[in-house]
Amino acid sequence: MNSNDRTKPRKPRALISSSSSSSETLTLMPKMARKSLLQSTVATVLLVFGLYGLFTTFFNPINPHNSRLDLSLPLDSSSTSLSLLSTKSGENLSEFSRNSGPVKVFMYDLPRKFTYGVIESYAVARGGLENVPVDDVSALKYPGHQHSGEWYLFSDLIREDRDERFVVRVSDPKRADLFYVPFFSSLSLVVNPIRPANGDNAGPGYSDEEMQESLMEWLEQQEYWKRNNGWDHVFICQDPNALRLIVDRVKNGILLVSDFGRLRSDTASLVKDVILPYAHRIRSYSGEIGVEDRKSLLFFMGNRYRKEITKISGGKIRDLLFQILEEEDGVIIKHGAQSRESRRMASQGMHSSKFCLHPAGDTPSACRLFDAIVSLCVPVIVSDQIELPFEDVIDYRKIAIFVDSTSAVKPGFLVKKLRKITRQRILRYQREMQQVTRYFEYEYPNGTVSEIWRQVSMKLPLVKLMINREKRLVRRETTEPDCSCLCSNQSEIRTIL
């Protein structure tokens, strides 16, 4: 290499190349950093949303009633939407399920003969009334008896200051969810056999059978009865024989009954109907809980012989229990019919006994059970087919002792078992009874009437279901019970001591 070559400056290729490479590197690095940062941000956001979804799913589940999922189909503009929540009935069901308000009840303004007229007929037959009809209905007094729930429901609906938590009375039938038929069916049944001392007919030719037929004729002319075939109607037939001639023609409605003893399984059920307590006939116990003043072990006062004597679970049980308990120490068991004096004696006996016997009679239940509860006398129930009121809020095992009929009639079995029950356990029974006595007081503001209406209001979704179901069903002849009815009690009672 010559000298000229050594003195000639070299081109800064490396520097230029390095500068260019650095420039490119500096240009790429911000882009890569931004991409990496963006990926991290997206991953973080997705993770947050994923965790939020898990949290809301498991710790705060979606409320189906607040969901507005639209399942409507693309129909012709003239067609009605099939959205589950956009139909009128769907909106009503949705509102009801959210408990947005009380059920609307329309009470029929029946012809007078079905309400106040029944009271007048009773008074005439008893010789306590001469001039009818009475101008001032407030002067009429409904006679007290064990099936007087019909009067309490009627008088509640006509009050202006009534409790409207569960049902509200409406004057426009178009707004009604349910229709109440206020026929005094149990009192009408009582009036029917009354005969004055001279042997003449009760009152001016009174006939409960004719009253039932007349009621049916009147109902069948009503627009709202025909509209839904009676599914949205409510009837009270508390006496086991009340409405017996027409019950098959009103069985679609909600029946308010004391038990199912004389009703077929395709006529009444726990699903469709409501069990009512009898109105207790003795005064409620006002003392404190305790056993010191309750000297008797077991008390019963009532008819020894009943009409139904063909099976041990019916009226026959009474006579057998009398036979094995009459000679037992500490047991008071007396034959007695309904009267003012017998009620006084029953009050005294129940208030001074630890246990009160409730055997089956003509039907599985009787007012004696509810007399015992308000007396804080622990009920001993010997009735295999009994159904009890308000069992969704009352656990009867906490307030009563259940003994199956076969065991109860074994000599010595019942008394031996009762004597083994400790004082502490009796006190627990009494405390529990104190907590639920309001459910058996028809005159209490938050008592029996309020609970009956609550039970009725709970039937509304089923009523709507049956109305819609019947409209689309094809009629068919069958010997089997309709699936809308559920047999009330297919098994016998278990002894619980």
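Residues numbered from 1 in each chain as written. Predicted model: local features only at pLDDT ≥ 70, side-chain atom pairs only at ≥ 80, totals over all residues. Heavy atoms only, no water.

Asker: Hey, could you run me through the overall build of the protein chain in this one?
Answerer: Looking only at helices and strands, the protein chain has 16 helices and 11 strands in total. For the protein chain, with 497 residues in total, the buried portion stands at 45%. A separation of at least 24 residues holds for 69% of the contacts in the protein chain among residues at least 6 apart in sequence. For the protein chain, the accessible surface area stands at approximately 28000 Å², while carbon and sulfur atoms represent 52% of it. (Helix = DSSP H or I, 4+ residues; strand = E, 2+ residues; numbered from the N terminus. Buried < 20%, exposed > 50% of the residue type's maximum accessible area, 1.4 Å probe, protein only. Contact = heavy atoms within 4.5 Å. Areas by Shrake-Rupley, 256 points an atom, 1.4 Å probe, with all protein chains shown as cover.)

Asker: Is there a simple way to think about empty space enclosed by the protein in this case?
Answerer: Empty space among the atoms can be located by rolling a probe the size of a water molecule over them. Overall, the coordinates contain 2 cavities of 30 Å³ or more when judged by the stated rule. A volume near 90 Å³ is recorded for the largest cavity. Along the walls of the largest cavity sit 14 residues, with Cys237, Asp239, Pro240, Asp259 and Leu263 positioned nearest its centre. Each residue belonging to the lining of the largest cavity can be placed in one class, and the counts come to 7 nonpolar, 3 polar and 4 charged. Considered as a void within the structure, the second largest cavity measures approximately 50 Å³ in volume. In terms of lining, the second largest cavity is formed by Trp231, Asn252, Ile254, Lys272, Lys459, Leu462, Val463 and Met466. Tallying contributions element by element places helix 16 (residues 460-472) first for the lining of the second largest cavity, with 3 residues. Looking at the lining of the second largest cavity, its residues break down into 5 nonpolar, 1 polar and 2 charged. (1 Å grid on protein atoms, 1.4 Å probe; cavity = no way out; pocket = protein on both sides within 12 Å on 5 of 7 lines; lining within 4 Å. Points joined across faces, edges and corners; volume = space filled by probe spheres on them. Nonpolar A, V, L, I, M, F, W, Y, C, P; charged D, E, K, R; others polar.)

Asker: Even after reading the chapter, I still don't get the sheet that holds strand 2 (residues 167-169), so can you show me in this structure?
Answerer: Two modes of strand pairing occur in sheets, parallel and antiparallel, and in both the strands are linked by backbone hydrogen bonds. Strand order across the open sheet formed by 6 strands is 2-1-3-4-5-6, with parallel pairing between neighbours. Every interior strand has two partners, whereas the edge strands, strand 2 and strand 6 (274-275), have only one. By the bridge criterion, 3 bridges tie strand 4 (residues 233-236) to strand 5 (residues 254-257) in an arrangement that is parallel. By the bridge assignment, Phe235 is partnered in strand 5 with Leu255. (Pairing = 2+ DSSP bridges.)

Asker: Would you explain the packing of aromatic side chains in this entry?
Answerer: How two aromatic rings sit relative to each other is set out by the distance from centre to centre and by the angle between their planes. Across all of its chains, the model carries 19 aromatic pairs by this definition. Between the aromatic rings of Tyr108 and Trp218, the centroid separation amounts to 5.4 Å while the plane-to-plane angle is 90°, which identifies the pairing as edge-to-face. One end of the pair, Tyr108, is in the loop between strand 1 (103-107) and helix 4 (116-125); the other, Trp218, is in helix 7 (residues 208-219), and 110 residues separate them in sequence. Judged by relative accessible area, Tyr108 falls into the buried class, the value being 6%. Ring geometry for Tyr152 against Tyr442: centres 5.2 Å apart, planes inclined by 25°, an arrangement best described as stacked. Of this pair, Tyr152 sits in helix 5 (residues 149-157) while Tyr442 sits in the loop between helix 14 (423-436) and helix 15 (448-457), placing them 290 residues apart in sequence. Neither Tyr152 nor Tyr442 differs from the other in exposure class; each is buried. Within the aromatic cluster, the residues linked to one another by ring pairs are Phe106, Tyr108, Phe179, Trp218 and Tyr224. (Phe/Tyr/Trp six-rings, centres within 6.5 Å; stacked < 30°, edge-to-face > 60°.)

Asker: Which parts of the structure should I look at to understand the state of the cysteines?
Answerer: As used in these notes, a disulfide is a covalent bond between sulfur atoms, one from each of two cysteines. Within the structure shown, the criterion is met by 1 disulfide. Two residues share a disulfide in this structure: Cys356 and Cys377, whose sulfurs sit 2.1 Å from each other. When the S-S torsion is 105°, as for the bridge of Cys356 with Cys377, the disulfide is right-handed. Taken as a pair, Cys356 in strand 9 (residues 353-359) and Cys377 in the loop between helix 11 (367-374) and strand 10 (378-382) lie far apart in primary sequence, 21 residues in all. An identical accessibility class is assigned to Cys356 and Cys377; each is buried. (Disulfide = S-S within 2.5 Å.)

Asker: Just checking my understanding: could you explain the nonpolar core for this structure?
Answerer: Within soluble globular proteins, side chains that are nonpolar tend to cluster in buried spots. Core analysis: the largest hydrophobic core is formed by 111 residues, its most contacted members being Tyr180, Leu256, Leu298 and Phe355. Not counting residues up to four positions away in its chain, the partners in contact with Phe355 are Leu297, Leu298, Phe299, Cys377, Val378, Val380, Ile401, Leu418, Ile421 and Ile426. The next biggest cluster of nonpolar side chains, apart from the first, holds 8 residues, and it includes Ile282, Phe299, Met301 and Cys356. (Core = buried A, V, L, I, M, F, W, Y, C linked by side-chain atoms within 4.5 Å.)

Asker: Help me understand the pattern of salt bridges, please; the structure alone is not making it clear to me.
Answerer: Counted according to the given criterion, the structure contains 20 salt bridges. A salt bridge links Arg249 to Glu220; the nearest nitrogen and oxygen atoms lie 3.7 Å apart. Residue Arg249 is found in the loop between strand 4 and strand 5, and its partner Glu220 is found in the loop between helix 7 and helix 8 (223-227); the two are separated by 29 residues along the sequence. Overall, Glu220 belongs to the partly exposed group, its relative accessible area being 36%. (Salt bridge = Lys/Arg side-chain N within 4 Å of Asp/Glu carboxyl O.)

Asker: Could you clarify how one ought to interpret the sheet that holds strand 7 (residues 296-302) in this entry?
Answerer: In spatial order, the strands read 8-7-9-10-11; together these 5 strands make up an open sheet with parallel pairing. Lying at the two open borders of the sheet, with one neighbouring strand each, are strand 8 (331-335) and strand 11 (401-402). Two strands pair when backbone bridges link them, and strand 7 and strand 8 are joined in this way by 5 bridges, in the parallel orientation. The partner of Phe300 across the bridge, within strand 8, is Ile333.

Asker: Explain the environment of Phe184 here, please?
Answerer: Position of Phe184 relative to the elements: it lies in the loop between strand 3 (178-181) and helix 6 (185-191). Note: C-alpha distance between Phe184 and Gly117 (67 residues apart in sequence) is 9.4 Å. Among all residues touching Phe184, those that are not within four sequence positions of it are Phe114, Thr115, Tyr116, Val118, Ile119, Tyr142, Glu150, Trp151 and Phe154.

Asker: Would you mind showing me how to read the side chain of Ser353 here?
Answerer: If you trace the backbone, Ser353 turns up in strand 9. Polar side-chain contacts of Ser353 include one of 2.7 Å to the backbone oxygen of Gly349. When near neighbours in sequence (up to four residues on either side) are disregarded, Ser353 contacts Arg294, Ser296, Phe299 and Cys377. (Polar contact = N/O pair within 3.5 Å; in protein donor to acceptor, adjacent residues only side chain to side chain.)

Asker: I'm lost on the confidence of the model for the protein chain in this one. Help?
Answerer: Residue-level pLDDT values for the protein chain average 80, and 71% of them are 70 or greater. This stretch, residues 54-98, has a pLDDT under 50; its non-local contacts, to residues over four places away or in other chains, come to 31 contacts. Counted against residues more than four places away or in other chains, residues 195-199, with its pLDDT under 50, gives 6 contacts. (pLDDT = per-residue confidence, 0-100.)

Asker: I'm lost on helix 15 in this one. Help?
Answerer: Helical periodicity: at 3.6 residues per turn, an α-helix aligns residues three or four positions apart in one direction. Of all the 10 residues making up helix 15, 10 are buried; the element is thus mostly covered by neighbouring parts of the structure. Those residues of helix 15 that sit buried are Thr448, Val449, Ser450, Glu451, Ile452, Trp453, Arg454, Gln455, Val456 and Ser457.

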